[in-house]
Amino acid sequence: LKDTLLKNQKLLADALEAKNAIQLNQLQNQKDLSDAMQREVALQKNQVLSEKKIQMIFGISSIALLLMGVWTYTLFHKQKTKNNIILKQSSENEMLMKEVHHRVKNNLQIISSLLDMQSMSIKDPTAAEAIKESKNRVQSMALIHQNLYHDGNIRGIKIDDYLKHLAQSLFDSYNIDSNKTILATDIEPLYLDVDTVVPLGIIVNELITNSIKYAFTTAPGGRVSIVLKSQHEQLFFQIKDSGKGFPADWTPDSNRSFGYQLIKAFAKKLKARLNVYNDGGAVIELQINKYKIAEA
């Protein structure tokens, strides 16, 4: 009986120990589950915080982008308004400049007409010729303003058209027969600034006038050629005729005429080197250093 009781007590103790072990295991599992749940809650909290941060950052970024878009649109609208104002002012200035050139051309034409009328009442041939030459000088300047008005480019002159027109108008002024005296041109189509064209036009007017008046006095006609090209950052200009040429003892410095005084003065203004010689007729060359190319 005693052995049975001891065996039963041992079995009971083992059962209690097993029960305790099971309870301890259950408690450990519950603790692990609780820890896992706490970690899950912590993760969920962190995820919620991260989502809130992302939402806050997205919201701030959206507001910043919206503000930047509004600012950019405002700047664009202001710049567009400024551009429209500038474009309008530029158009108005261009129209004003064209009107100025038109009026200057008209005034010069009036002066030219007055000189022409005055020459008709002068009996002295020398004085009448001087008036006619002055009229041609004024006409050469009026032609510049006429081209500026009609071409639509108020900054520059297409030099080939201008010089051809100027030369032909001088031929017409002196009633030159184009079948007897030929005008030949080799002019590069450059757009030159007005400050360059005005002195160049005066020089061409004087040189062509001299060729017409003096080159072909011993022959019924000949050839007058005009060359203008850009070379090595310079303008090369030449007028040549097939006439009798310069006298052997003639030099530009020895010539005291008003026309050659003008030529030398305007050549100096253009910082041009003047070269005069005979080669089957009179040849006048200018190496022009001071000139401006205008935008076409």
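Look above for the structure.
Fair warning: this is a prediction, and the values are worked out from it, not measured in the lab. (Residues numbered from 1 in each chain as written. Predicted model: local features only at pLDDT ≥ 70, side-chain atom pairs only at ≥ 80, totals over all residues. Heavy atoms only, no water.)

A. Spotlight on the overall build of the protein. For the protein, the helix and strand inventory stands at five helices and seven strands. Relative to the 2.2 N^0.38 estimate, which gives 19 Å for 296 residues, the radius of gyration of the protein is 49 Å and therefore markedly larger than a compact globule would have. Projected onto the principal axes, the alpha-carbon positions of the protein cover approximately 175 × 40 × 35 Å. For the protein, with 296 residues in total, the buried portion stands at 31%. Sequence-distant contacts, at least 24 apart, represent 72% of the contacts inside the protein between residues at least 6 apart. Looking at the protein as shown, the accessible area adds up to about 19500 Å², and 58% of this sits on carbon and sulfur atoms. Mean positive and mean negative side-chain charge positions of the protein (37 and 31 charges, respectively) differ by 6 Å. (Helix = DSSP H or I, 4+ residues; strand = E, 2+ residues; numbered from the N terminus. Rg over C-alpha atoms; globule rule 2.2 N^0.38 Å. Buried < 20%, exposed > 50% of the residue type's maximum accessible area, 1.4 Å probe, protein only. Contact = heavy atoms within 4.5 Å. Areas by Shrake-Rupley, 256 points an atom, 1.4 Å probe, with all protein chains shown as cover. Lys, Arg positive; Asp, Glu negative; His and termini not counted. Charge placed at Lys NZ, Arg CZ, Asp CG, Glu CD.)

B. Layout of the pairing of strand β5 (residues 234–241). Where burial is concerned, most of β5 is hidden: six out of the eight residues are buried. Here strand β4 (residues 222–231) pairs with β5 via eight bridges, running antiparallel. By the bridge assignment, K229 is partnered in β5 with F236. Hairpin remark: β4 followed by β5, antiparallel, with two residues in the connecting loop; positive phi at H232, about 50°. Relative to strand β7 (residues 282–288), β5 runs antiparallel, the two sharing six bridges. (Pairing = 2+ DSSP bridges.)

C. View of the side chain of D241. Relative to the helices and strands, D241 resides in strand β5. Buried within the structure, D241 lacks any salt-bridge partner; its nearest side chain of opposite charge belongs to K240, at an N-O separation of 8.9 Å. Of the polar contacts made by the side chain of D241, one reaches the backbone nitrogen of G243; its length is 3.0 Å. Sequence-distant contacts of D241, defined by excluding residues within four places in its chain, comprise S211, A215, F216, R223, V224, G280, G281 and A282. (Salt bridge = Lys/Arg side-chain N within 4 Å of Asp/Glu carboxyl O. Polar contact = N/O pair within 3.5 Å; in protein donor to acceptor, adjacent residues only side chain to side chain.)

D. Local environment of the pattern of salt bridges. Enumeration according to the criterion identifies eight salt bridges in this entry. Here K158 makes a salt bridge to D160, at a shortest N to O gap of 3.0 Å. In this structure D160 comes out as buried when scored by relative accessible area, which is 7%. Across the salt bridge formed by K240 and D279, the nearest N and O atoms sit 3.6 Å from each other. Here the residue K240 occupies a position in strand β5, and D279 occupies one in the loop between β6 (272–278) and β7, the gap between them amounting to 39 residues. Judged by its relative accessible area of 41%, D279 falls in the partly exposed class.

E. Looking closely at the nonpolar core. One finds I159, Y162, I208 and F237 to be the most contacted residues of the largest nonpolar core, which totals 42 residues. Only α2 (125–151), α3 (159–173), α4 (194–215), β4, β5, α5 (258–269) and β7 provide two or more residues apiece to this core. At nine residues, the largest contribution of residues to this core is made by α4. Setting aside its immediate chain neighbours within four residues, I159 contacts I187, E188, L190, L192, V197, L200 and L228. (Core = buried A, V, L, I, M, F, W, Y, C linked by side-chain atoms within 4.5 Å.)

F. Local environment of unusual backbone geometry. Backbone geometry at H232 places phi at a positive 50°, although glycine is not the residue there. Following the sequence through the fold, H232 ends up in the loop between β4 and β5. Phi is positive for E233, which is not a glycine, with a value near 60°. Looking at the element boundaries, E233 is found in the loop between β4 and β5.

G. Spotlight on the layout of surface pockets. For the largest pocket, the calculated volume is near 440 Å³. Forming the walls of the largest pocket are 23 residues, and the residues nearest its centre are N210, Y214, F246, N255 and Y260. Broken down by secondary-structure element, the contributors of at least two residues to the lining of the largest pocket are α2, α4, α5 and β7. For the lining of the largest pocket, the leading source of residues is α4, giving eight residues. Taken together, the residues that form the lining of the largest pocket break down as ten nonpolar, seven polar and six charged. (1 Å grid on protein atoms, 1.4 Å probe; cavity = no way out; pocket = protein on both sides within 12 Å on 5 of 7 lines; lining within 4 Å. Points joined across faces, edges and corners; volume = space filled by probe spheres on them. Nonpolar A, V, L, I, M, F, W, Y, C, P; charged D, E, K, R; others polar.)

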